[in-house]
Structure formats: structure tokens, C-alpha cells
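# Residue-level structural notes
Here are the chains, one letter per residue:
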Amino acid sequence: MIEPFTIAILGAGLGTRFKSKRAKLLHSAGGRRLIEHTVRTATELLPRKIFVIVGYQAKEIIETLSAPPVPSGERLFFIRQTKPMGTGHALRCGRQELETAAPLLLVFYGDTPLLRAETLRQFLEFHSQSTAAASVMTAVMEDPTGYGRIVRAPDESVKQIVEQKSASPEQQAIREINTGIYCFETRLLFVELERLVPDKITGEYYLTDVIHLLNQRGKRVAAYPIPDPAEAMGVNTRAELAQADALLRARKARELMLAGVTIYQPETVRIDADVEVGADTVIEPGVSLLGRTRVGEDCHIGPFATIQDSELADHVTVKQSCVIAESKIASGASIGPFAHLRPEAEVGEEAKIGNFVEVKKSRIGRGSKAQHLTYLGDATVGENVNVGAGTITCNYDGEKKHQTVIEDNVFIGSGTELVAPVRVGKNAYVGAGSTITMGVPPDALAIARSLQTNKLRWVKERKKKTEKQPTEAMEPVDEIFATQQQSGGSKGTKLGKAAPRTKGKIKRR
Ligand code: UD1
Ligand code: CA
């Protein structure tokens with residue numbers, strides 16, 4: 001049985017060691033801001049209330065925690081610490097709200113993103129069963145540098161916590177450290193907080209000094225060694241941020257694998273905390289699944305694909321090195337390799353988006369294909385449309401974006417430019433190499449390209465000419481242009497005669 005409790009999370013510090021313009025707790029690991037990790041963990045425990053002590057960049061931290069997907073709800077409150085005068089001072093700033101909130105106060109720091117709710121629950125149970133005035137979660141670290149050291153009394157209780165900067169050489173050799181996670185009898189804590197004095201070296205009011213003050217009064221402080229010390233890791237530098245990120249991603253990948261997702265070389269993938277992946281989906285090495293991405297069942301995500309804030313239904317294939325953002329892909333569709341789906345791309349069932357194809361703010365209907373080297377922007381493509389290689393929607397006139405509509409069963413020949421706004425009606429064909437500037441009626445064939453001229457015997461004539469005047473082989477460039485312009489028409493020139501017109505032939509690929 002756990003007594004009613006409230007949680008206080010400290011997050012007002014500057015994060016000096018982070019050397020950043022941004023507050024340390026606004027940096028991300030495992031796809032979430034540090035402060036978001038800790039507040040979510042707190043929320044899972046269902047405390048009476050959660051108080052976050054904010055100071056440096058308070059506005060940004062409050063905004064981060066108030067926006068979805070942080071499920072903080074009505075339990076979340078903020079306390080201001082206007083000047084970062086130490087962890088003890090931070091709690092003192094919330095005296096009014098905290099003192100009466102619940103008989104127990106669980107305190108931890110905003111920079112411990114690996115902490116799990118289950119571990120905190122066990123800690124609360126431990127404290128509730130003990131008679132101690134406070135409990136401290138401790139960890140034995142390989143390298144305890146930077147952490148406060150736990151000095152035990154002969155009866156194994158915690159006598160004192162000594163900060164790194166104040167520790168004697170013998171104390172520095174202690175490998176049991178303070179995780180910064182405490183459980184206090186609320187009333188007793190606030191009595192001692194009033195008695196804190198600034199640290200001699202830093203001038204800060206240390207929360208850790210409360211442990212010594214409680215001992216002075218004859219109150220006992222219990223130690224609770226954390227089962228997995230990695231969970232207690234505090235992020236103080238960017239090197240530690242990278243470490244925490246790697247651990248969080250390993251945890252996420254493992255979770256997914258245990259839920260039926262195949263991940264090859266999981267140490268190479270980056271999957272954000274909020275990503276969902278269905279069973280029997282296969283994830284190849286180097287894949288990034290970011291933000292609020294949802295991947296269905298039986299999908300295959302090829303190597304080095306990066307997918308952000310997107311929805312993939314079941315049976316979707318994403319081949320190697322695709323970049324996909326804020327897009328929706330329906331069941332059975334295939335993307336890539338090397339495709340780029342930009343925001344608001346919607347790919348229909350069984351549709352195929354092939355290599356070097358870019359799609360932006362466009363809907364591609366069921367069964368339609370754009371397999372090679374194409375740009376589709378601001379377009380609506382119907383069902384069973386074939387978009388030939390190298391097709392481009394010219395959606396931007398230098399000022400505004402315009403729409404292209406391609407209706408069902410249309411065939412667009414390779415190398416077509418569709419100058420928007422433009423509509424190609426149902427079942428229509430567009431000849432390869434066309435520049436379409438007017439609408440194409442349903443069932444029509446549109447060809448919009450200059451006619452071909454064949455200059456018969458051109459090569460032989462040229463050869464004869466150059467043999468007669470060998471210097472002409474080195475014609476200056478502008479003369480070459482002049483010759484080309486003259487010979488552009490259907491009349492033919494001294495170099496040859498116009499060829500008879502051949503009918504444009506359209507071949508389905
Ligand atoms: C702290 C502990 C140390 C422990 C370690 C565990 C103290 C004095 N030291 O050291 O014993 O081993 O955590 O990770 O508590 N904060 C405020 N207001 C302030 C100062 C800090 O809200 O005036 C917040 C910070 O935003 C941060 C947290 O308190 O989230 C901890 O501060 P930090 O400077 O990281 O403490 P450490 O030096 O890591
Ligand atoms: Ca810290």
C-alpha cells in the first residue's frame with residue numbers, strides 16, 4: 001500500500017554544462033524532450049498532483065508540456081523559481097503548494113529520462129513500508145564522478161550526501177551515488193528546507209543537505225538501491241545526451257521486437273518513443289522512424305529509409321533510402337527506392353511510387369504508378385493512372401501554386417510537362433514529351449511537341465564539306481548556333497532536306 005503522494009520535478013536550472021542557448025530539458029533523447037520523459041513517467045504513477053519547478057526558459061517548457069501528445073491532463077501544475085539558487089531552494093519556492101498537497105512527496109530531477117514508472121512505484125512501496133522520514137534512491141556506478149556520494153551510517157541508513165565538489169578523497173572513492181530521486185514525509189521536509197544554508201563553494205541551497213539535517217534531528221533516512229543503475233543516469237552534457245538517446249532507442253527497439261516486429265541490426269535504427277509498428281513488419285538496418293509515425297502490420301521498411309510523422313497501412317513496402325514526411329500510404333502500396341514523399345502526400349492502395357520520384361501535397365489514387373524520375377506537386381491523380389518517366393507537374397508560376405488533376409485510367413507519356421492549372425480527363429492519353437498547357441478532354445489523345453525533322457544524308461554532307469574546308473572543323477560557337485537556328489524549320493537547309501512527317505506513336509511501358 002502506497003500512501004497518497006504528490007510529485008515534484010525540478011526543471012528550473014540553466015544546464016550550464018550543456019553549453020546551449022536552449023534550456024537543457026528542452027533537448028531531445030529517444031525522440032522526446034528530456035522534460036517530457038520525466039513528466040510522462042510521473043503521469044503514469046497517478047499521483048495526486050504533479051508540480052514542475054520551472055525557471056530558465058519557463059515559457060518554452062510550459063508550452064512543451066501543455067501541447068499534445070504529452071498526456072499531462074489536469075494533474076500538472078507549475079511553480080516558478082525565478083533564480084536558480086539550488087535544488088533545495090527550488091523546492092522551497094513551492095512550499096505553499098507542496099506542503100499541503102499530500103503526506104508523501106516524491107521528488108526527482110527533470111534530467112533523468114531513463115527512469116521508469118515501475119521503478120518509482122517500487123521505491124514508493126519501499127518507503128511506505130519503512131519507518132524512515134525520507135528515502136533516497138541510490139545507485140552503484142562504475143564511474144561516480146559528478147554525482148553526490150552516499151555516506152552511510154553504521155546502521156546502513158543514509159547519514160549524509162556529499163556533492164562531488166565538496167567530497168574528500170575518501171568520499172570521492174565511494175561508488176554509491178545519489179540518483180536525485182527522493183521520497184519525503186512532506187511535513188518534515190519543509191521544516192528542514194527552512195534550515196538550509198548556502199553551500200560554501202557554490203552558494204547554492206542543496207536539497208541533498210536536508211539528509212544531514214534530518215539525521216541531526218534524529219530522523220532516519222533509508223537507502224533504496226535501484227535495480228538497474230543505467231535508469232538513474234542524469235544528463236548533464238551532450239555526451240550524456242547521446243548516451244541516453246542510444247539507451248532509449250535500444251529500449252524502444254527491444255519493446256517492438258518483443259511485440260513481433262523484426263528488426264535487423266537494431267543498434268543502427270532510430271525509432272522515436274511515440275512510434276507504433278505492427279507485428280510481422282520487417283525493419284532493415286539504418287532506418288529512422290520518427291515523431292508520430294504509425295506503421296501497420298506486414299510492412300517492409302528498406303535500409304536507410306527515414307519516415308517522419310507518417311501513417312503506413314498494412315502490407316506497405318518502402319524500399320531503400322526513401323525520405324517520407326507527414327504522408328499517408330495505403331495498404332499494398334510500394335515506395336522507392338530513393339523516393340521523396342513530402343508533407344501531405346497520400347498514396348492509394350496498391351499504388352507504386354518508384355525511384356527518384358518526388359510527391360508533395362498530392363493524392364495518388366489506387367493502383368496508379370509513377371515509377372521513375374517524376375515530380376508530382378499539388379496534384380490529384382485518379383485510379384489506375386500511368387505517369388511516365390520524367391513527368392513533371394509545373395505547379396509554380398513564380399508567385400502561386402496551381403493544381404493539376406489527372407483523372408482515372410489516364411496514360412501520361414514519358415517526359416511530359418503538365419503546366420498547372422490543368423486537367424487531364426478520364427481515359428485520356430498524353431503523348432511522350434508533351435508540354436500540356438490546356439485541358440485534355442476525356443478519351444482524347446493530346447500531343448504537344450514540335451514535329452521531328454529528319455535531315456537525310458546530313459552526316460555524309462557534313463563530312464564532304466569539312467574535307468573541302470578543313471579549317472571549318474573548328475567553327476566558333478556562335479556560328480554553330482546560327483546554323484542550328486536556320487535549320488530548325490521544316491524547309492531543310494543546305495545540309496539536307498526535311499523528312500516526311502511520321503505519325504506520333506505511343507507505346508505503353
Ligand atoms: C544533482 C544532485 C546530486 C545527484 C545528481 C543526480 C544536488 C545538489 N545534487 O546534481 O547529488 O547525484 O543530481 O543526477 O541536488 N534545478 C532547479 N533549480 C536550481 C538548480 C537545479 O530546478 O536552482 C534542477 C535542474 O533543472 C535539474 C535538477 O534540478 O533538472 C538537477 O540539477 P543539476 O544541476 O543537474 O544537479 P547535479 O549537479 O546533476
Ligand atoms: Ca543532473
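Above this text you will find the structure in question.
Residues numbered from 1 in each chain as written. Chains lettered and ligands numbered in written order. Predicted model: local features only at pLDDT ≥ 70, side-chain atom pairs only at ≥ 80, totals over all residues. Heavy atoms only, no water.

### What about the coordination of the calcium ion (ligand 2)?
Protein-derived coordination of the calcium ion (ligand 2) comes from Asp111 (OD) and Asn236 (OD1), at a distance range of 2.3 to 2.4 Å. Of the two residues, Asp111 sits in the loop between β6 (104-109) and α5 (117-129) while Asn236 sits in the loop between β11 (221-225) and α9 (238-258), which places them 125 residues apart along the sequence. For the residue pair Asp111 and Asn236, the accessibility class agrees, reading buried in each case. (Donors = N, O, S within 2.8 Å, 3.2 Å for Na, K, Ca; no water. Helix = DSSP H or I, 4+ residues; strand = E, 2+ residues; numbered from the N terminus. Buried < 20%, exposed > 50% of the residue type's maximum accessible area, 1.4 Å probe, protein only.)

### Describing the nonpolar core
By size, the foremost hydrophobic cluster in this structure holds 50 residues, and its most contacted members are Ile283, Ile301, Val318, Ile335 and Ile353. Not counting residues within four places of it along the chain, the set of residues in contact with Ile301 comprises Thr281, Val282, Ile283, Glu284, Val287, Val295, Ile307, Leu312 and Val318. Ranked by size, the runner-up nonpolar core spans 44 residues in total, among them Ala29, Leu45, Leu115 and Met141. (Core = buried A, V, L, I, M, F, W, Y, C linked by side-chain atoms within 4.5 Å. Contact = heavy atoms within 4.5 Å.)

### Thoughts on the site of ligand 1
Around ligand 1 lies a shell of 23 residues, among which Gln81, Gly86, Tyr109, Glu163 and Asn178 are the nearest. A distance of 2.8 Å is found between an oxygen atom of ligand 1 and a backbone nitrogen or oxygen belonging to Gly13. Here an oxygen atom of ligand 1 sits 3.2 Å away from a polar atom, N or O, in the side chain of Asp111. Its free accessible area being 760 Å², ligand 1 has 90% of it covered by the protein chains. For the shell around ligand 1, the class distribution of residues is 8 nonpolar, 11 polar and 4 charged. (Near = heavy atom within 4 Å. Polar contact = N/O pair within 3.5 Å; in protein donor to acceptor, adjacent residues only side chain to side chain. Areas by Shrake-Rupley, 256 points an atom, 1.4 Å probe, with all protein chains shown as cover. Nonpolar A, V, L, I, M, F, W, Y, C, P; charged D, E, K, R; others polar.)

### Overview of the pairing of strand β10 (residues 176-185)
Burial within β10 is extensive, with 9 of its 10 residues counted as buried. Relative to β10, β6 runs antiparallel, the two sharing 4 bridges. The partner of Leu105 across the bridge, within β10, is Phe184. As paired strands, strand β7 (residues 134-140) and β10 are joined by 7 bridges and run antiparallel to one another. Within the sheet, the bridge partner assigned to Ser135 lies in β10 and is Cys183. (Pairing = 2+ DSSP bridges.)

### Some thoughts on the sheet that holds strand β30 (residues 369-372)
Ordered by their spatial adjacency, 11 strands build an open sheet running β12-β15-β18-β21-β24-β27-β30-β33-β36-β39-β41, and the pairing between neighbours is parallel. Of all strands in the sheet, those with a lone pairing partner are β12 (262-263) and β41 (445-446), marking the two edges.

### Considerations on helix α1 (residues 34-44)
For α1, the buried fraction is high: 10 of the 11 residues fall into the buried class. All buried positions along α1 are accounted for by Leu34, Ile35, Glu36, His37, Thr38, Val39, Arg40, Thr41, Ala42 and Thr43. One or two positions beyond α1, positive phi appears at Leu46, with a value near 50 degrees.

### Topic: the environment of Thr268
Topologically, Thr268 is positioned in the loop between β12 and β13 (270-271). You can call Thr268 partly exposed: its relative accessible area is 31%. On a C-alpha basis, the gap between Thr268 and Ala250 in space is 9.3 Å, while along the polypeptide they are 18 residues apart. In this structure Thr268 touches Pro285, Gly286 and Val287, once residues within four positions along its chain are discounted. At 2.7 Å, the side chain of Thr268 and the backbone oxygen of Gln265 are in polar contact.

### A look at unusual backbone geometry
In most cases, non-glycine residues show a negative phi, while peptide bonds are predominantly trans. Each neighbour pair has its own omega, and for Gly336 with Pro337 the value is 5 degrees, a cis peptide bond. Examined against the element boundaries, Pro337 turns out to sit in the loop between β24 (334-335) and β25 (340-341). With an omega dihedral of 0 degrees, the bond running from Ala420 to Pro421 counts as a cis peptide bond. Residue position: Pro421 is located in the loop between β37 (417-419) and β38 (422-424). A positive phi angle, near 55 degrees, is found at Phe356, a position not held by glycine. Looking at where Phe356 falls in the secondary structure, it is placed in the loop between β27 (352-355) and β28 (358-360). For Leu373, which is not glycine, the phi dihedral falls at a positive 50 degrees. Mapped onto the elements, Leu373 comes out in the loop between β30 and β31 (375-377).

### Considering the pairing of β11
The element β11 is extensively covered by neighbouring structure, given that 4 of its 5 residues are classed as buried. With 5 bridges joining them, β7 and β11 adopt parallel strand pairing. The residue of β11 that forms the bridge with Ser135 is Ala222.

### Description of α5
With 13 residues, α5 extends 19 Å from end C-alpha to end C-alpha; this agrees with the ideal 18 Å at 1.5 Å per step. Along α5, the residues classified as buried are Ala117, Thr119, Leu120, Phe123, Leu124 and His127. Across the axial projection of α5, the buried residues extend over an arc of 155 degrees, all falling on one side. For α5, the secondary structure elements touched by its buried residues are β1 (5-11), α1, β6, β7, β10 and β11. (Expected span 1.5 Å × (residues − 1). Arc of directions from axis to C-beta.)

### Focus on the pattern of salt bridges
Summed over the entire model, instances satisfying the criterion amount to 21 salt bridges. Between Glu192 and Arg217 there is a salt bridge, with the nearest N and O atoms lying 2.4 Å from each other. One end of the pair, Glu192, is in helix α7 (residues 186-193); the other, Arg217, is in the loop between α8 (209-216) and β11, and 25 residues separate them in sequence. A relative accessible area of 2% places Glu192 in the buried class. (Salt bridge = Lys/Arg side-chain N within 4 Å of Asp/Glu carboxyl O.)

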